[in-house]
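# Descriptive analysis of the structure
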Amino acid sequence: MNDEALIGRCLSGDIEAFEGLVAAYQKPVYNLALRATGNAEDAMDVAQEAFLKAFRSLPTFRRGSPFKPWLLTVAANTATDFLRRRRPAATGEFEEMDPPDASPGPEEIAEKGERSRCLKDAIMGLAPGYRIVVELFHIQGFSLGEVSEITGLNVTTVKNRLFRARRMLREKLAGRGLS
Amino acid sequence: MTKCFSEEELDAYLDGEDIPGLPEHARDCGRCGDFLRRTMRLRLMLGEVEMDSPPVELPSRVMLALRETTLARASQAGIALGARARVLRAVWLTSSAVAGYLLSIVILEKANATISGFIVYTGYAGAVVRLFKGLSAGGWTALWSILGISRAALINGSILLVLLGICLAATGARRYA
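Read on for an overview of the structure. (Residues numbered from 1 in each chain as written. Chains lettered and ligands numbered in written order. Predicted model: local features only at pLDDT ≥ 70, side-chain atom pairs only at ≥ 80, totals over all residues. Heavy atoms only, no water.)

## Things to note about the packing of helix α6 (residues 128-139) of chain A against helix α8 (residues 155-175) of chain A
Residue and element names in this part refer to chain A. Contact geometry of α6 with α8 gives a least axis separation of 9 Å together with a crossing angle of 100°. One element, α6, and the other, α8, form an angle in the roughly perpendicular class. In contact with Gly-129, Tyr-130, Val-133, Val-134, Phe-137 and His-138 of α6, α8 contributes Val-158, Arg-161, Leu-162, Arg-164, Ala-165, Arg-166 and Met-168. Split into classes, the residues belonging to the contact of α6 with α8 amount to eight nonpolar, two polar and three charged. (Axes fitted to C-alpha atoms, helices over the stretch in contact; angles between N-to-C directions. Helix = DSSP H or I, 4+ residues; strand = E, 2+ residues; numbered from the N terminus. Parallel < 35°, antiparallel > 145°, perpendicular 65-115°, else oblique. Contact = heavy atoms within 4.5 Å. Nonpolar A, V, L, I, M, F, W, Y, C, P; charged D, E, K, R; others polar.)

Okay, structure coming up:
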């Protein structure tokens, strides 16, 4: 059953139809939440909250438009709210954090799986505002316009964040012998 | 060789922006060429990063929370509906009683007028009859008795109408409850 049919059933009161949408989009929503929060436990809570908010907001969804960017917009807003609650005194999205893990040795990063892990670690070392745009643009493959729509940032800001994020990533990866 | 391009310009070029002179320059410039190669490599590597698998319990957790919140909302809506029904019942009963009361007044007034008119008419008629046919006083007593019974019947009928209104009110209230 396609998104449109599932949304129609949800709007007519069949809440079980929403499970189809959860199953279809749990991966991008969870990964966006993971990139925003930085840990699996919080990501799970944010993803759950995002789906509940999306269900409640379904009547405002413009039928016929793509569901995934709309759902990820809800998820991004939920993640932003979560970060605001969690770190009220923080300097904001541009704050940079230390990478969670120590740098792996050169033999480890030779393999593709390890390279991917190393990259993920490097991404997690960025501030949430950078992580989210990297996740949406590079990993989930959204266009600049879509990333702008999802995050509520203008295209120029998205471009700037991506540029700075890539520069920081290059530096981090160079330090690990992977550039 | 032309002047080197900034990192922002080189990065924008990789985003697909048309920057005149950049490709030609980057072919000959080690610094700009190296930046483009490294950035392209990074972009490719980022594109290869796979999304993490969400925990298997995520869909069931979402659905459980959704059912709980929906149930809670339905319950709250039910309580609100019950309160609304009580208000409607009270309004229905009050308005029915008032309507019944007003109806009975109208009917009684109408009945009084009719009876009075009838009495006047019959009074004239009786006078005419008495005048021309010489009816006895006993005949008048009988006529007044008949009129009295009719009047009582009309009043009783009105009371019955009021009772009927109350019954309808009760039926309506049960339907709302």
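## Quick look at α6 of chain A
In terms of burial, α6 of chain A is largely enclosed, as twelve of its twelve residues are buried. Listed as buried for α6 of chain A are Pro-128, Gly-129, Tyr-130, Arg-131, Ile-132, Val-133, Val-134, Glu-135, Leu-136, Phe-137, His-138 and Ile-139 of chain A. (Buried < 20%, exposed > 50% of the residue type's maximum accessible area, 1.4 Å probe, protein only.)

## With respect to the interface of chain A and chain B
Counting from both sides, the interface comprises 40 residues of chain A and, opposite them, 33 residues of chain B. Buried area between chain A and chain B, summed over both chains or domains, comes out near 3700 Å², and the portion from carbon and sulfur atoms is 66%. Linking chain A with chain B are seven salt bridges. Connecting chain A to chain B are nine residue pairs in polar contact (both at pLDDT 80 or more). Mapped by element, the contributors of at least two residues to the side of chain A that touches chain B are α2 (18-37), α3 (40-57), α5 (112-124), α6 and α8 of chain A. Of the residues in the side of chain A that touches chain B, the class split is 20 nonpolar, seven polar and 13 charged. (Buried area = accessible area lost by both parts, 1.4 Å probe. Salt bridge = Lys/Arg side-chain N within 4 Å of Asp/Glu carboxyl O. Polar contact = N/O pair within 3.5 Å; in protein donor to acceptor, adjacent residues only side chain to side chain.)

## A closer look at the packing of aromatic side chains
All names here are of chain A. One pass over the structure, following the stated rule, counts six aromatic pairs over all chains. Ring centres 5.6 Å apart and planes at 35° place the aromatic pair Phe-67 and Trp-70 in the tilted group. Within this pair, Phe-67 and its partner Trp-70 are both found in helix α4 (residues 67-86), separated by three residues, close to a single helical turn. This pair shows no difference in class: Phe-67 is buried, exactly as Trp-70 is. (Phe/Tyr/Trp six-rings, centres within 6.5 Å; stacked < 30°, edge-to-face > 60°.)

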